[in-house]
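# Structural overview for review
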Amino acid sequence: MIIGLGTIINFLAIVAGALIGTLLGDRLPNKTRDVVTDALGLMTLLVAGLSVIDITKPELKEAVGPGMGVLIVLGSLILGGITGSYWRLEDRFESIGKKLKKSLKKRIKSKDENFVEGFVSASLLFVVGPLAILGSISDGLGNGIEQLALKSSLDFFASIAFAASLGIGVAFSALAVGVYQGLFTILGFGLGDVLNEAQVIALTATGGLLLVGVSFRLLRIKQLPVADLLPALFYAPILVALVTALR
């Protein structure tokens, strides 16, 4: 499979959704949006489960020992949560979005405000979410595009909703998504040459649990601070290396 295909599909989904939304205007019922979001939340939970189950693979067990895989993922989440909350990643993402929106609004004419509002708001929604990072790294590692295919579905319907009220500026957010996710795909591709199979498995399983957090948000069960947990992705392969070295 072509590395980067997931981001290409995501790019096209945003553009297509924005074009449909622009044509629909504000005629899309809120109930329809909620039902679609619930369906995508359930699908995210399925993809999360398929990722988490990687923790049972024998390659991880052979590398770190029986039962250690679960402890490594737990340790990654705890260390990642401590790091992310200390750095206030969730708050910083929101702050960056507000500052970017305010900065751009100062530089545009009032008649263009809807265009910029659509571009900025949609870009932040599509870029800041954990799936943008998780899916892109997974794509780069060669683990498939399932996560980015799911994100593409989410972004497609979200771009319809955004463009229905904010216009064609939403379509141009696909450019920001392409650049941002492309960088993480390249990072994942590089990691594939550095990490061994056990480390990739731990990374995938940890990412799966973060996806559970995303699904909870989509299903309106609990607004988990998933962004604060993102550093767990970097701790997972490090802990595998440490445990392997100590055996």
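Here goes a summary of the coordinates provided.

About the criteria used
Residues numbered from 1 in each chain as written. Predicted model: local features only at pLDDT ≥ 70, side-chain atom pairs only at ≥ 80, totals over all residues. Heavy atoms only, no water. Helix = DSSP H or I, 4+ residues; strand = E, 2+ residues; numbered from the N terminus. Contact = heavy atoms within 4.5 Å. Areas by Shrake-Rupley, 256 points an atom, 1.4 Å probe, with all protein chains shown as cover. Salt bridge = Lys/Arg side-chain N within 4 Å of Asp/Glu carboxyl O. Buried < 20%, exposed > 50% of the residue type's maximum accessible area, 1.4 Å probe, protein only. Axes fitted to C-alpha atoms, helices over the stretch in contact; angles between N-to-C directions. Parallel < 35°, antiparallel > 145°, perpendicular 65-115°, else oblique. Left-handed = near helix turned anticlockwise from the far one by under 90°. Nonpolar A, V, L, I, M, F, W, Y, C, P; charged D, E, K, R; others polar.

## A short note on the overall build of the protein
Of regular secondary structure, the protein possesses 12 helices and 0 strands. In sequence order, the secondary structure elements of the protein are arranged as α-α-α-α-α-α-α-α-α-α-α-α. Pairs at least 24 apart in sequence give 85% of the contacts found in the protein among residues at least 6 apart. For the protein, the computed accessible surface area is about 12,600 Å², with 69% contributed by carbon and sulfur atoms.

## Re the pattern of salt bridges
A complete count under the given rule lists 4 salt bridges for this structure. A salt bridge links aspartate 54 to lysine 57; the nearest nitrogen and oxygen atoms lie 3.8 Å apart. With a relative accessible area of 15%, aspartate 54 lands in the buried category. When its relative accessible area of 33% is taken as the criterion, lysine 57 is described as partly exposed. For arginine 88, the salt bridge identified is with aspartate 91, shortest N-O distance 3.7 Å. In this structure aspartate 91 comes out as partly exposed when scored by relative accessible area, which is 41%.

## Quick notes on the packing of helix H4 (residues 68-87) against helix H12 (residues 232-246)
For the pair H4 and H12, the least separation of the axes is 8 Å and the interaxial angle reads 135 degrees. By the angle class used here, H4 and H12 are oblique. Our pair here, H4 against H12, has a crossing hand that is right-handed. On the side of H4, the interface is formed by Met68, Ile72, Gly75, Ser76, Leu77, Leu79, Gly80 and Thr83, while H12 contributes Ala232, Tyr235, Ala236, Leu239, Val240 and Val243. Along the lines of polarity and charge, the residues of the contact of H4 with H12 split into 10 nonpolar, 4 polar and no charged.

## Focus on the packing of helix H1 (residues 5-24) against helix H8 (residues 146-166)
Viewed as axis vectors pointing N to C, H1 and H8 meet at an angle of 25 degrees, and their least axial separation amounts to 7 Å. Classified by the angle their axes make, H1 and H8 are roughly parallel. Helix-helix and strand crossings are classified by hand; for H1 and H8 the assignment is right-handed. Residue composition of the contact of H1 with H8, by class: 12 nonpolar, 8 polar and 2 charged.

## Description of the side chain of asparagine 10
Here asparagine 10 shows up in helix H1. Given the relative accessible area of 0%, asparagine 10 is considered buried. Once you skip the residues sitting within four places of it in the chain, asparagine 10 turns out to touch Lys151, Ser152, Asp155, Val177 and Gln181.

## Quick notes on the side chain of glutamine 147
Here glutamine 147 lies in helix H8. Take glutamine 147: its relative accessible area is 7%, and that puts it in the buried class. Aside from chain neighbours lying at most four places away, what touches glutamine 147 is Val47, Ser51, Leu131, Leu134, Gly135, Ser138 and Leu211.

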